[in-house]
Structure formats: structure tokens, C-alpha cells
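Structural features, examined
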Amino acid sequence: MKRSAVLAAVLALAIASAAFAYDFGAFTMDVASGWSASVNGPTGIVMKDDKTASLSVTITPAEGNTAKTFAEAFAAEFGKSFAKVSTPEADSDGSYSWEMTTAAGVESHAMLAVEDGKCKLVVMTGLETAGGEMASMLETIKEK
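So, how was this worked out
Residues numbered from 1 in each chain as written. Predicted model: local features only at pLDDT ≥ 70, side-chain atom pairs only at ≥ 80, totals over all residues. Heavy atoms only, no water. Salt bridge = Lys/Arg side-chain N within 4 Å of Asp/Glu carboxyl O. Helix = DSSP H or I, 4+ residues; strand = E, 2+ residues; numbered from the N terminus. Buried < 20%, exposed > 50% of the residue type's maximum accessible area, 1.4 Å probe, protein only. Pairing = 2+ DSSP bridges.

**Regarding the pattern of salt bridges**
The full count for this structure, using the stated rule, is six salt bridges. Between lysine 80 and glutamate 77 there is a salt bridge whose closest N-O contact spans 3.1 Å. In this structure, lysine 118 engages glutamate 143 in a salt bridge whose closest nitrogen and oxygen atoms are separated by 3.1 Å. Separated by 25 residues along the polypeptide, lysine 118 in strand 10 (residues 118–125) and glutamate 143 in strand 11 (residues 142–143) bring together distant segments of the chain. You can call lysine 118 partly exposed: its relative accessible area is 23%. Each of Glu115, Lys118, Lys120 and Glu143 takes part in one network of salt bridges that share partners.

**Focus: the pairing of strand 8 (residues 96–101)**
Within strand 8, five of the six residues are buried, leaving the element largely enclosed by the surrounding structure. Across two bridges, strand 6 (residues 84–85) lies against strand 8 in antiparallel orientation. Its bridge partner lying in strand 8, lysine 84 is registered against threonine 101. Here strand 7 (residues 89–90) runs beside strand 8; their pairing, made up of two bridges, is antiparallel. Looking at the pairing, glutamate 89 lines up with serine 97 of strand 8. Taken together, strand 7 and the strand that follows it, strand 8, pair antiparallel across an intervening segment of five residues, in which glycine 94 is found at a positive phi of about 90 degrees. Pairing geometry for strand 8 and strand 9 (residues 107–115), over six bridges, is antiparallel. If you follow methionine 100 over to strand 9, its bridge partner there is serine 108. The antiparallel hairpin formed by strand 8 and strand 9 contains five residues in its connecting segment, where glycine 105 sits at a positive phi of about 90 degrees.

Shown next as C-alpha cells:
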């Protein structure tokens, strides 16, 4: 009897920590336990339930625009709500990345690429506390 109780407890713990697949429209992604998911237009938003971290993924048609054009436009738009936005810098693979900081000192990291005719933007906040969870979720993205 004790063995089946231990097995049941292990199974319950495995289920509790399991991710769930969420359909964001243009893509699906496994969302970790302890995180909530929502959609805002072409953007999938995943927020840690304790509000210490968030991850947003935007996938939209590039319509002939370059990664540089998108990076500059998104950085300018983020400049309206963040106290500090660094200049997007090109990475060796042609993607762009930049940092943003709120007036309260909360830091976010943005990465943008144009691939297969699509603009793909990822914004991560709370990397120091949840970077591993975010990386694991990002690895599960399946575009439609």
C-alpha cells in the first residue's frame, strides 16, 4: 500500500510540473507550470504567476521589410514606454538584439530576426530569475 502511495505522489508531482501546449495563433508553445498565457494580436505573452518574469513572442509577416527596419521600429516604439532603450545591434547571423529598462529599473532583453518571410520578436523580462524556464519554453515553439 505504501508503494502505491509513493507512486501516486510522484505521478502527481510530475503532472504538476508538466508544461501545457498553448495555441497562440501563428505558433504553439509549451507553457511551463506556474506561468499563464495570453494572446494580444500577433503576440503571445507568457507571465510567471508570481509576476517576476515574462516572455513575449511576436511572429508576423515580414512583408519585404528587413530585420534592421523592424528592429529600429520596435526599439522606437518601446522607447515610448521604457525609460532607456539601447540601439539595436546586429548579430553575426543577421538578427538584432537590444536592452530596455523601465523607470523602476526592470530590465528586458529583445531579440529580433526575419526568417522565412516572417518577423520574429522575442522579449524577455526577468532573465536572472527565470531564464532557464524561458529558454525551455522557446525551444518548444512550433510555427504554423
